Amino acid sequence: GAAYVPYHGFLLCQGEGATCPEEPVNPLVDPNDSLCAQYMDCIDRCGGLNIACNNCCTPAMNPDCMLCLQGVLGCAVQNGCASGFANFDLECVAEHCAEGYVRCFVDEVE
């Protein structure tokens, strides 16, 4: 099977040799900090865009986070901010998709 995770593209089944965070969902991260607080914490512990590790972070992505990220990805593609696999012009994303980005990563969950 495969999972589609916005921003990171297609992530296939986890290989046996992948090094993953011990706990994708970090109990020390307040899930109310933002929709994607738990997911971004896991990604940060992977060291950024590291496909083999990022695949392990799916359990830390709640459905609201996934929908939010899909919106930001759609906005980025629609506005020409994406030029290939995980290759985004972040200035373009900030200019055209800032509201969605803030909703996913900055706004506290109410």
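In case you missed it, the structure is sitting above this.
To start, this report covers the structure provided alongside it. (Residues numbered from 1 in each chain as written. Predicted model: local features only at pLDDT ≥ 70, side-chain atom pairs only at ≥ 80, totals over all residues. Heavy atoms only, no water.)

1. Describing the state of the cysteines
What counts is decided by this rule: Throughout, disulfides are identified as pairs of cysteine sulfur atoms within 2.5 Å of each other. Runs of E in the DSSP output that reach at least two residues are strands. Runs of H or I that reach at least four are helices, and both are numbered from the N terminus. Under the scheme applied here, a residue whose accessible area is under 20% of the maximum for its type counts as buried, over 50% as exposed, and between as partly exposed, the area being computed with a 1.4 Å probe on protein chains only.
As enumerated under the stated definition, the model contains 7 disulfides in all. The disulfide bridge from cysteine 20 ends at cysteine 56, spanning 1.7 Å between sulfur atoms. With cysteine 20 in the loop between β2 (9–12) and α1 (37–46) and cysteine 56 in the loop between α2 (51–54) and α3 (63–78), this residue pair connects regions lying 36 residues apart in the sequence. Each sulfur of the disulfide joining cysteine 36 and cysteine 65 lies 2.1 Å from the other. Note on the cysteine 36 and cysteine 65 pair: the S-S dihedral is about 115 degrees, so by sign convention the disulfide is right-handed. Placement of the pair is cysteine 36 in the loop between β2 and α1 and cysteine 65 in helix α3, with a sequence separation of 29 residues. Judged on exposure class, the residue cysteine 36 and its partner cysteine 65 are both buried.

2. What to know about the packing of aromatic side chains
This is how it is decided: The aromatic pairing rule takes the rings of Phe, Tyr and Trp, using the six-membered ring of Trp, and pairs them if the centres are within 6.5 Å, calling planes under 30 degrees apart stacked, those over 60 edge-to-face and the rest tilted.
Applying the stated criterion across every chain yields a total of 1 aromatic pair. Judged by centre distance (4.8 Å) and plane angle (45 degrees), the rings of tyrosine 101 and phenylalanine 105 are tilted. Highlighted residues: tyrosine 101 and phenylalanine 105, both in helix α4 (residues 90–105), separated by 4 residues, approximately one helical turn. Residue tyrosine 101 is classed as partly exposed on the basis of its relative accessible area of 41%. The class for phenylalanine 105 is partly exposed, based on a relative accessible area of 22%.

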